[in-house]
Structures are given as structure tokens and as C-alpha cells.
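# Structure at a glance
The lines below spell out each chain.
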Amino acid sequence: MGAIHLRQRPGSRLQHHAPLALILLSCVAPGGHSLQTFAAQQRPWLRNAPASSRSSHLAALAANTAFAEGTSGAEYSERYGNKAPALTLQAPSKINLFLRILRKREDGYHELASLFQAVSLTDTLDFWVEGADSSKPICSMEVSPDSVGRAGIPTDETNLVMRALKLFADKTGTKQRVHCRLHKNAPAQAGLGAGSSDAATAMHAANRLAGFPATQQQLIEWSAELGSDISFFFSRGTAYCTGRGEIIENVPPLPDTPCFLVKPADGLSTPAVFKQLGLNKGQALDGPDPRKLLADFQASVTGGTFLNDLEPPAFAVMPKLDKLRMDLKALGFDAVMMSGSGSTIFCIGRPTVAGAAWKEDIVQKHGASIFEVRFCQRSPNEQLWYNEA
Ligand code: C5P
């Protein structure tokens, strides 16, 4: 059985390297989303694992044990060695329970209305702080050796984390220099917003480490300069988002709901999917009233209308994604739909088929990775981040 590595600041409540069995014991408690629960739900099953390790994973599942891979791994920093970070935060992913595209704007972006929900597939970000030294860069980052997709993750100013740290320094004038170590669990080009979440987490961390010189509202406004999805992660975890996606309205949390994320090996480019939609500037896309969709989800998650206007263009760009969606639909989940601009398909509820064999079938047939997640929320205390009580 694997062990999950929970990194904590010195003096915090939880143990380092808690055995996963212990974590799972706390995982069965209904309601709150403790650090243990949150981490235990990051079970990136069968992430394109070789057949031998897939079958051992399935055996573990069958024995009702659990395992984790892609967790924080070695705690060694290439810059700071074994020196403990000043702050470690979890960056959740998101799904879109509905996503309406309303029209294409004159600036080329699409006006949308969507119900975003944070989910417990998290990246881990460690932060170290140094004092002012104008001869050195204001920020720097490294990526952990066992990060998902490490080879393709830049550590220069093209990474959203670096851009977020730089933007924060520019806006506030702080001279505090921050180094970030990113450990990635969540895949890119997946419609899960993980890169945006990392950026939001970095801004929150920089602000916190500097003693909160900026308000959360300022962080929301500044982050919109970097991308449309970042602002959502400053919400409470369930938000109705409009504009480009950057205008957020917190809505009451939805009930704890089982959810599987199924990510095919191939990703999808967000601009390519929006382009495939084929709207001209000023042109609208007809569909149900998003406020009505929101009200339906708030009455009952499983009673909501799962509608994503980006599914048809995404399936046109990647026809095999529709086949994956149909295979998942046949398993009897409450709902099956693409998240954001894809390529992740999420499944709400549990399959009607017994056992775990469906996972191996999907992995074998589609080369997909499967993550079991839960909906998660952020504390109303704006000085805390996801997964902090
Ligand atoms: O804002 P962000 O950088 O995440 O957007 C990436 C691309 O996705 C944009 O350049 C645009 O092509 C497309 N997009 C859009 N309408 C949105 C959000 C994104 O057309 N509301």
C-alpha cells in the first residue's frame, strides 16, 4: 500500500507522512473537508500506468485498500534543500457543472455563464521567502521531479505561477522575494483549471506571506489580467461565473457528491475549442437561461441540466472524446459531461455496474487516467485557503 506525503508547516496539527490507512479512516467522516480527507481523495487511479502496476492497483482496490501515487514525493527542494517551506498550500481543480456560451464579444472573448465547482484533485505549492535584494529576481520556481507532465512545465516567466508572483509584486510594490516549488498532480489541457488554480494559490500565498497588503477583491481583479479562470479560485468553492469567466458570485455550497474525473491521454487547447465553436463577433448562441440552470442545480445536483456548449466543438476537434463520453454514460452514472473546454469528462454519482472493473476497461480502451474526487469548499475566512479549517 502506498503512503501519501502530507507536508505541513512546523507546529501545525497534522503529522508528516501520515499513513494512508489513517487518512482514509478520516475520509469516511461525512461533511467537512479536512486536510486528510482532501488528500485522501487525490487518488489518480491508473494514470496510464503500465499493465503490471495497473493490475496490482486493481487488486488493491478489490481488497478495499487504497493507494496514492503522484503525491508530493521527496520534500527536497533544489534551491532550499531540506529547509522547511514557510507555507504549503493545496491548489484544487474545478469542474463546470454547466457551461453556457452566450455570445462572442467584440474583444474576441466569449461571454459565458457557468457554475464552477472546486474538486479535490490538488497540486501542492511550497513557498519560501527571502528579503529584498534588487540584484536578484523577485520570484523563482521549481517543479518537483515526480510532477505529472514535468517535462512540459516551464519554470520561467511563461509559467502562470511566476506571472502571478510577479504581478503581485508589481501591484503591491513589495520587495519580498518568493520561491515556489510546484508539485503537480492535475493534468494540463484538461478543462480542470489546474494552472489557473496554481496561479491563484501563488497570489494568495504571496499576499499572506507579506502580511496581507492586498484585499481579496484586489487579488480577484488583478488575477483577471492573467486569465479568465483564475478569479474563481478566490471564491468559496462553488460559484456562478460570468463575463469571460472572471466575474464570480459565490453561491451556497452543493452537497458532498461523488465524482470521477476521466482524462484521456490527449489534451485540448482552449483557444482551438472556442475557435471551433465558429461564432462571429457579436453573434449569440441560443440555449436555456443560465439563471434557471443555476436554480435547478441548487435544488438538486443530480436534478440539474448538465449542459456544456463547448462539447460539440470539442468533439469536433477530438472525435474520440465523444466515444469516451458515450462509454461512460453507458455505465449508469447520474451524469456524464465534459468539463470546461476539455478534455476531461466528469461523472457524477456512482456507476450502476458493480465492482471496479469498469475503470480498467476505460483505461485499456481509452488510455485515460481516472481520479476519484469530492466537491470541496474554502473557509469563509479569506486569510485561509482550500483545505485549511
Ligand atoms: O483567458 P484565458 O487566457 O484563459 O483564455 C484562453 C483563450 O480561450 C483565449 O485566448 C480565448 O481564445 C479563449 N477564451 C474565450 N472566451 C472566454 C475564455 C477564453 O474565447 N470566455
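Residues numbered from 1 in each chain as written. Predicted model: local features only at pLDDT ≥ 70, side-chain atom pairs only at ≥ 80, totals over all residues. Heavy atoms only, no water.

Every residue close to the ligand is listed here: Gly108, Tyr109, His110, Leu112, Gly227, Ser228, Arg244, Thr270, Pro271 and Phe274. The separation between an oxygen atom of the ligand and a polar side-chain atom of histidine 110 is 2.8 Å. Measuring from an oxygen atom of the ligand, one finds a side-chain N or O atom of serine 228 at 2.5 Å. Relative to its unbound accessible area of 450 Å², the ligand is 72% covered by the protein chains. Only strand S3 (110-130) and helix H7 (270-277) provide two or more residues apiece to the shell around the ligand. Examining the composition of the shell around the ligand, we find that three residues originate from one element, H7, more than from any other. Class assignment for the residues of the shell around the ligand results in four nonpolar, five polar and one charged. (Near = heavy atom within 4 Å. Polar contact = N/O pair within 3.5 Å; in protein donor to acceptor, adjacent residues only side chain to side chain. Areas by Shrake-Rupley, 256 points an atom, 1.4 Å probe, with all protein chains shown as cover. Helix = DSSP H or I, 4+ residues; strand = E, 2+ residues; numbered from the N terminus. Nonpolar A, V, L, I, M, F, W, Y, C, P; charged D, E, K, R; others polar.)

For the structure on display, the rule yields twelve aromatic pairs. With 4.9 Å between their ring centres and 80 degrees between their planes, phenylalanine 297 and phenylalanine 306 make a pair best called edge-to-face. The pair phenylalanine 297 / phenylalanine 306 is uniform in exposure class, with both members buried. Following the ring pairs from residue to residue traces out a cluster consisting of Phe98, Tyr240, Phe297, Phe306 and Phe346. Of note, arginine 244 hangs over the ring of tyrosine 109, and the distance from its end group to the ring centre comes to 5.0 Å. (Phe/Tyr/Trp six-rings, centres within 6.5 Å; stacked < 30°, edge-to-face > 60°. Buried < 20%, exposed > 50% of the residue type's maximum accessible area, 1.4 Å probe, protein only. Lys NZ or Arg CZ within 6 Å of the ring centre and 35° of its normal.)

We now examine the packing of helix H4 (residues 160-172) against helix H5 (residues 194-209). The geometry of H4 relative to H5 is characterised by a closest axis approach of 8 Å and an angle of 30 degrees between their N-to-C directions. Judged by the inter-axis angle, H4 sits roughly parallel to H5. For the crossing formed where H4 meets H5, the hand is right-handed. Here Leu160, Val161, Ala164, Leu165, Leu167 and Phe168 of H4 come into contact with H5, specifically with Gly195, Ser196, Asp198, Ala199, Ala202, Met203, Ala206 and Asn207. Taken together, the residues of the contact of H4 with H5 sort by class into ten nonpolar, three polar and one charged. (Axes fitted to C-alpha atoms, helices over the stretch in contact; angles between N-to-C directions. Parallel < 35°, antiparallel > 145°, perpendicular 65-115°, else oblique. Left-handed = near helix turned anticlockwise from the far one by under 90°. Contact = heavy atoms within 4.5 Å.)

In this section: the state of the cysteines. Applying the stated criterion across every chain yields a total of zero disulfides. Take cysteine 139: it sits in no disulfide, and the sulfur closest to it among the cysteines is that of cysteine 180, at 9.6 Å. (Disulfide = S-S within 2.5 Å.)

Next up on the list: H5. Across its 16 residues, H5 extends 22 Å between first and last C-alpha, which sits within 8% of the 22 Å expected from 1.5 Å per residue. When you tally the buried positions in H5, you get 14 out of 16 residues, the bulk of the element. Trailing H5 by a residue or two, glycine 211 shows a phi angle of about 85 degrees, which is positive. (Expected span 1.5 Å × (residues − 1).)

With respect to burial, S3 is a largely interior element, 19 of its 21 residues being buried. The pairing of S3 with strand S6 (residues 238-243) spans six bridges and is antiparallel. Paired with alanine 113 across the bridge in S6 is threonine 242. Relative to strand S5 (residues 177-183), S3 runs antiparallel, the two sharing seven bridges. Across the sheet, the residue bridging to threonine 124 is histidine 183, located in S5. (Pairing = 2+ DSSP bridges.)

Both trends apply: most residues other than glycine have a negative phi, and most peptide bonds are in trans. Omega for the bond connecting glycine 342 with serine 343 falls within 30 degrees of zero, at 15 degrees, which places this linkage in the cis form. Considering the arrangement of structural elements, one finds serine 343 in the loop between strand S9 (335-338) and strand S10 (345-348). Located in the positive-phi region is phenylalanine 212, a residue other than glycine, with phi close to 60 degrees. Along the chain, the position of phenylalanine 212 falls in the loop between H5 and helix H6 (216-223).

The next subject is the pairing of strand S7 (residues 247-250). Across four bridges, S6 lies against S7 in antiparallel orientation. Within S7, the position partnered with threonine 242 by the bridge is isoleucine 247. Linking S6 back to S7 in an antiparallel pair, the connection comprises three residues, with glycine 245 at a positive phi of about 125 degrees.

What follows covers the pattern of salt bridges. Once the charged atoms of two side chains with opposite charge are near each other, the side chains can pair. For the structure on display, the rule yields 18 salt bridges. Arginine 177 is the partner of glutamate 130 in a salt bridge, and the nearest nitrogen-oxygen pair spans 2.8 Å. Within this pair, whereas glutamate 130 is found in strand S3, its partner arginine 177 is found in strand S5, the two being separated by 47 residues in sequence. You can call glutamate 130 partly exposed: its relative accessible area is 22%. Residue classification places arginine 177 among the buried positions, given a relative accessible area of 8%. For aspartate 198, the salt bridge goes to lysine 184, with nearest N and O atoms at 2.7 Å. With aspartate 198 in helix H5 and lysine 184 in the loop between S5 and H5, this residue pair connects regions lying 14 residues apart in the sequence. The class of lysine 184 is buried, set by a relative accessible area of 8%. Several salt bridges converge on common partners, so that one network encompasses Arg105, Asp107 and Glu111. (Salt bridge = Lys/Arg side-chain N within 4 Å of Asp/Glu carboxyl O.)

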